[in-house]
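Below, each chain spelled out in residue letters.
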Amino acid sequence: MAVKFQDYYETLGVARTASAEEIKQAFRKLARVHHPDVAKNKVAGEAKFKEINEAYEVLSDPEKRRRYDELGANWQEGGHGPATSGNHRGRAHASRGEPDFEFGGTGFSDFFESFFGGGRDSFGSFRGAAGRTDGDEEGLAHQGHDVEADLLVTLEEALRGSRRKVTLRRPGGNGGIERSDTYQVRIPPGVREGQRIRLAGQGGAGQGGGPAGDLYLRVRLARHPDFSVQETDLYCDLDLAPWEAVLGVQAKIPALDGPTSLRVPPGTAAGTQLRLRGLGLPREDATRGDLYATVRIRTPSSVSAEERALWEQLARISKFKPRSENHE
C-alpha cells in the first residue's frame, strides 16, 4: 500500500509561511479541543489529537520542517519515496530478502514513520540492527533483524500506565504468506522519552534455523497543550494580571491529576517558578517529580476611561521606580 502524503500545515490550519509562534498557538488551540480527556467524542478526539501531535512534532522542529518542506506534496515524483519496495515502511535489508513491516496503533502515520521515525534515516532507510550470525560460513544460522517503530504516548499514559494494541503486518517474502500480528503492549507508569519497549522474538525472521529478532517500540511523549517535560518534572505557564502579581492571589492551574491551585505570594516577579511538589511524572523510586508554574505578567491591550484614570492615579502616587538601581 502506498504511503499517503500528510499535509501538516493543513492539519494545524496554518500557512506554509507561519512563524514558529503561530504554529505553537495553532497546536495549543487544537490540542485543547481534541485532547482525549476533554473531547466529547473520545475516539474521534484521540485520532485527531494524534494527527495534530504528529504535525506539530515535525513543524515545531526547524530541521524536520526544513526536510518536510523540501519534500513537498509531489515527494514521490522527486525520487524521495521511502527506501522500501511498494513504499512500505520498515524495510530491513531488502538485498537479503527481508520483508517490509507495517505498523498500526503506534499513533504515527505511515508517512511520519517513513521519513521521521526513530528507526529510520532522513529518507526512510531502516536503521535496525543487522541480523547476527554464528559465523561467516554459508549455511550457518542467522538471527533475524530487530525492528523498531515510534510509539506515541500521552503524558496521562506516562503517569498512570496503559495498554496499547499495536499491529505489525509482515508481507510474505520469498513465496511466504503475509500475516498480521497484534500485540497488547504494556506501557508502564513513568515511561520516558526515548525509552524502548522490547517485545522479544517479534522482529524479523531468522535464517537457517536462527532465532527471530526483537521488536522495539521507541517512546515519543505526545506534546501537551499545557505542559512541557524535563525528566520527571512538568512545566506550565501561569498568566497573572499586574495587580495579582503585586497583591498575591490563589490561582487555579492545570495538572495531570486534575485542576489544582497554588498560592502566588505578593510581589511575585515575571519569570518566577512556583513549585508544586509531587505533581510531575513518576520516578524510578515510585515517587513523583514536581510541577513548576512559570509566571508571566499580562497587561490589557485596551482599557476603559475609568480604568485609565485609575492607572494614571497609581502612576502619580506610586514610588516604585522600575528603571532605577533600587527597585524597592
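**Section: the packing of helix α3 (residues 42-59) against helix α4 (residues 62-71)**
In step 1: Two numbers describe how α3 lies on α4: the axes approach to 6 Å, and their chain directions differ by 100 degrees. Here α3 lies roughly perpendicular to α4, going by the angle between them. Residues E57, V58 and L59 of α3 pack against K64, R65 and Y68 of α4.
In step 2: The residue inventory of the contact of α3 with α4, partitioned by class, reads three nonpolar, no polar and three charged.

**A few points about the packing of aromatic side chains**
In step 1: Throughout the structure, instances matching the rule amount to twelve aromatic pairs.
In step 2: Seen from their ring centres, Y9 and Y68 are 6.0 Å apart, and the 40 degrees between their planes marks the pair as tilted. Taken together, the residues span a long stretch of sequence, with Y9 in helix α1 (residues 8-12) and Y68 in helix α4 at a distance of 59 residues. Per residue, the accessibility class of Y9 equals that of Y68, and both read buried.
In step 3: Look at F108 and F112: their rings are 4.3 Å apart centre to centre, the planes differ by 15 degrees, and that puts the pair in the stacked class.
In step 4: Exposure remark for F108: the relative accessible area of 9% places this residue in the buried category.
In step 5: On the basis of relative accessibility, which here comes to 0%, the residue F112 falls in the buried class.
In step 6: Among the aromatic residues, those joined into a ring-pair cluster are F5, Y8, Y9, Y68, F111 and F115.

**Notes on the confidence of the model for the protein chain**
In step 1: Mean pLDDT over the protein chain stands at 83; residues scoring 70 or higher make up 81%.
In step 2: Contacts from residues 82-99, a stretch scored under 50 in pLDDT, to residues over four places away or in other chains number 63 contacts.
In step 3: Note on residues 119-136: pLDDT under 50 across the span, and 55 contacts to partners over four residues away in sequence or across chains.

**Concerning the environment of R163**
In step 1: Counting through the fold element by element, R163 comes out in strand β3 (residues 162-170).
In step 2: On the accessibility criterion, R163 (57% relative accessible area) is exposed.
In step 3: Sequence-wise, R163 and Q184 are 21 residues apart; in three dimensions their C-alpha atoms are separated by 6.3 Å.
In step 4: If near-sequence neighbours (up to four positions away) are discounted, R163 is found in contact with Q184, V185 and R186.

What counts, and where the lines are drawn
- Residues numbered from 1 in each chain as written.
- Predicted model: local features only at pLDDT ≥ 70, side-chain atom pairs only at ≥ 80, totals over all residues.
- Heavy atoms only, no water.
- Axes fitted to C-alpha atoms, helices over the stretch in contact; angles between N-to-C directions.
- Helix = DSSP H or I, 4+ residues; strand = E, 2+ residues; numbered from the N terminus.
- Parallel < 35°, antiparallel > 145°, perpendicular 65-115°, else oblique.
- Contact = heavy atoms within 4.5 Å.
- Nonpolar A, V, L, I, M, F, W, Y, C, P; charged D, E, K, R; others polar.
- Phe/Tyr/Trp six-rings, centres within 6.5 Å; stacked < 30°, edge-to-face > 60°.
- Buried < 20%, exposed > 50% of the residue type's maximum accessible area, 1.4 Å probe, protein only.
- pLDDT = per-residue confidence, 0-100.

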